[in-house]
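# Structural description and commentary
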Amino acid sequence: MIQASVAHGHELREIAAQFHPGAGIIAIEPLGQGNVNDTFLVSLAGQTQPPLVLQRLNREVFRQPKLVMRNMQIVTRHVAARLQELPDDPAHNGSCRRSWEMPHILTPTDSADPWVERDGQIWRAMTYVPAARSLEMARDPAQAREVGYGLGMFHHLISDLPVDQLADTLEGFHITPTYLAQYHQLLGRCSAPPSPQEHWCQQFIESRQSLAPVLEEAKARGELQLRPIHGDPKINNVMLDAATGEAIALIDLDTVKPGLVHYDIGDCLRSCCNTLGEESRNPEAVQFDLGLCEALLEGYLSVARQFLTTADHQYLYAAIRLIAFELGLRFFSDHLAGNVYFKTSDPLQNLRRAQVQLRLVESIEAQEGPIRALLKRLGGA
């Protein structure tokens, strides 16, 4: 893996230059805090030259990177066309227009494919969303509302994209029963006695494993339908205008694929409504913030209400609880496997991450009545 320590190295400059050979490269710096890909911001010479984003796809995660790129092309082109047809912001009833940015995929000058392949690795570049910032956590309901609006707007723009146009580039992704089965296999191979923290995680997962199939069973019964989804709409993938604070883009489209919108809604709420963040070293203090949940859902439904069915609404609480449980399960499984999937800075980081998510599940369960009442008031069941 190419680390940030070589971000100014000759190899990165060579790769970046293939996407923008006409401009001198001033600097290449690590960008963001992603757990999977290596991402860099490439600054170019000249005041009129906006920077670009350079990424190396993690082939351990994305086994079919060229299909990932094809999905991204389909979605970005579809959204660009929709934006031409939708001059007004749906949340403002046509009274004003809110800008929405869609990062464009860049193609190397000497290739028909939108990537550079070097030493078996796939590199791609995209335009950088200017004058925007992302959040690691929401400070107040206004920010949570914008995060919800960002996801809702993205879902609104891709809601008419035929789902069969997208490849399933991450088979099994968000299929919680599969993660549970993998966890049990890992657990069966563990010979060392568990630490107190590991024992707590094991007991928690054991007591709630019946949660795992709820969305998949609803899908199998035909109650929930596959749609195009983002796949990873955590809070720091929603870009906010630096001046107005309004959501203007949803980035990191690697995981765009067929799925249930519930995966996205649950993941967005999970990441936004935990005010201590995913990396908290005090898992016992983690709480699911109901006020942020309300604001996020208000923002989401302001643009996404029209394509949600009655059944979609009925499974929203299950999704909120399940996706936090699922991520806790995945973090703990990766800890047991030796930290082979998520990036870590120390051997216990995934264990702490697992505790954070599972404590979040506890908090969600403790507030089930108020959450269901909120969902009903906002139009669900």
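Further up the page is the structure itself.
Residues numbered from 1 in each chain as written. Predicted model: local features only at pLDDT ≥ 70, side-chain atom pairs only at ≥ 80, totals over all residues. Heavy atoms only, no water.

### Describing helix α1 (residues 10-19)
Every buried residue belonging to α1 is among L12, I15, A16 and F19, and all of these are buried. Summarising the axial view, the buried residues of α1 lie within an arc of 95°, below the 170-degree limit, and thus occupy one face. In this structure, the buried side of α1 is in contact with β1 (25-30), β2 (38-44), β3 (52-56), β4 (105-106), β5 (116-118) and β6 (121-127). (Buried < 20%, exposed > 50% of the residue type's maximum accessible area, 1.4 Å probe, protein only. Helix = DSSP H or I, 4+ residues; strand = E, 2+ residues; numbered from the N terminus. Arc of directions from axis to C-beta. Contact = heavy atoms within 4.5 Å.)

### A word on the pattern of salt bridges
Overall, the coordinates contain 23 salt bridges when judged by the stated rule. The residue D312 makes a salt bridge to R227 at a minimum N-O spacing of 3.0 Å. Of this pair, D312 sits in helix α9 (residues 310-314) while R227 sits in strand β8 (residues 227-229), and the two are 85 residues apart along the sequence. The exposure class of D312 is buried, given its relative accessible area of 3%. (Salt bridge = Lys/Arg side-chain N within 4 Å of Asp/Glu carboxyl O.)

### Digging into the environment of A337
Tracing the backbone shows A337 in helix α10 (residues 316-337). The exposure class assigned to A337 is partly exposed, which follows from its relative accessible area of 34%. For the pair formed by A337 and L187, sequence separation is 150 residues and the distance between their alpha carbons is 9.2 Å.

### Some points on the packing of aromatic side chains
Tallying each qualifying case throughout the model produces 5 aromatic pairs. Here the aromatic rings of F40 and W123 are separated by 6.4 Å at their centres, their planes lie at 25°, and the arrangement is stacked. Of this pair, F40 sits in strand β2 while W123 sits in strand β6, placing them 83 residues apart in sequence. A residue is classified by how much of its surface remains accessible, and F40, at 2% relative accessible area, is buried. The exposure class assigned to W123 is buried, which follows from its relative accessible area of 1%. Here the aromatic rings of F331 and F342 are separated by 4.7 Å at their centres, their planes lie at 55°, and the arrangement is tilted. (Phe/Tyr/Trp six-rings, centres within 6.5 Å; stacked < 30°, edge-to-face > 60°.)

### A word on the pairing of β2
Counting buried positions along β2 yields 6 of 7 residues, so the element is predominantly enclosed. Here β2 pairs with β3 via 5 bridges, running antiparallel. Looking at the pairing, T39 lines up with Q55 of β3. (Pairing = 2+ DSSP bridges.)

### Quick word on the environment of I371
Of note, I371 is situated in helix α12 (residues 368-377). A relative accessible area of 0% means that I371 is categorised as buried. As for I371 and V286, which are separated by 85 residues in sequence, their C-alpha atoms are 17 Å apart. In this structure, I371 is in contact with F288, L290, Y317, I320 and I364, ignoring residues within four places of it in sequence.

### As for the sheet that holds strand β9 (residues 238-241)
Spatially, β7-β9-β10 is the arrangement adopted by the 3 strands of the open sheet, whose pairing is antiparallel. Taken across any chain shown, the strands that pair with only one partner, and hence form the sheet edges, are β7 (132-133) and β10 (247-250). Strands β7, β9 and β10 of the sheet are contacted by helix α3 (residues 141-158), whose axis makes an angle of about 50° with β10. (Axes fitted to C-alpha atoms, helices over the stretch in contact; angles between N-to-C directions.)

### A short note on the side chain of H230
For H230, the location among the structural elements is in the loop between β8 and β9. Among the polar contacts made by the side chain of H230, one reaches the main-chain amide nitrogen of D232 at a distance of 3.0 Å. Separated by 2.9 Å, the side chain of H230 and the backbone oxygen of D252 make a polar contact. Discounting residues that sit within four places of it in the chain, H230 has contacts with F154, N237, L250, I251, D252, L253, T255, V256 and D264. (Polar contact = N/O pair within 3.5 Å; in protein donor to acceptor, adjacent residues only side chain to side chain.)

### Quick word on the pairing of β10
Summarising the sheet, β9 and β10 pair through 3 bridges and their orientation is antiparallel. Bridge pairing in β10 places L240 opposite A247. Between β9 and β10, which pair antiparallel and follow one another directly, the connecting turn spans 5 residues, one of which, G245, has a positive phi of 80°.

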